[in-house]
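A structural walkthrough
Each chain, letter by letter, is given below.
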Amino acid sequence: MAAVGFAVVAIGLPVVLRYFHVVQRKPNPAKYITYECGMETTGKTWIQFNFRYYFYALIFVTLDVMVVFLYPWAVQLRQLGTPALVSILVFIS
């Protein structure tokens, strides 16, 4: 419930502040120019990355989450016994 409330506030607060003119809107064509490192871009500004980069990033995040769950299990392995070993093998597989 708290996560939903935080998301609603994080999205709704800027909209409400814009409605009451607390946040000013000053459109300027220079704000919409695509630049990279403060310099004008040369060539195409939108390039398509290879899928492998995203795949490796997802694998990395998955392994990090597994390590977060494995560390407390490894510390308490002797007290947890065989059922914990079986459940963590199912989790890893």
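Computed from a predicted structure; not experimentally measured.

Let's shift gears to the overall build of the chain. The number of helices and strands found in the chain is four helices and two strands. Along the chain, from the amino end to the carboxyl end, the secondary structure elements read α-β-β-α-α-α. A compact globule built from 93 residues would reach a C-alpha radius of gyration of about 12 Å, whereas the chain, at 24 Å, exceeds it by more than 25%.

Turning next to the packing of aromatic side chains. Here the distance between the centres and the angle between the planes together describe a pair of aromatic rings. By the definition in use, this model includes four aromatic pairs. Geometrically, the ring pair formed by Y19 and F20 is edge-to-face, given 5.2 Å between the ring centres and 75° between the ring planes. For Y19, a relative accessible area of 62% corresponds to the exposed category. Classification of F20 as exposed rests on a relative accessible area of 57%. Plain terms: the ring middles of F55 and Y56 are 6.2 Å apart, the flat faces sit at 55° to each other, and that makes the pair tilted.

The rules we used
Residues numbered from 1 in each chain as written. Predicted model: local features only at pLDDT ≥ 70, side-chain atom pairs only at ≥ 80, totals over all residues. Heavy atoms only, no water. Helix = DSSP H or I, 4+ residues; strand = E, 2+ residues; numbered from the N terminus. Rg over C-alpha atoms; globule rule 2.2 N^0.38 Å. Phe/Tyr/Trp six-rings, centres within 6.5 Å; stacked < 30°, edge-to-face > 60°. Buried < 20%, exposed > 50% of the residue type's maximum accessible area, 1.4 Å probe, protein only.

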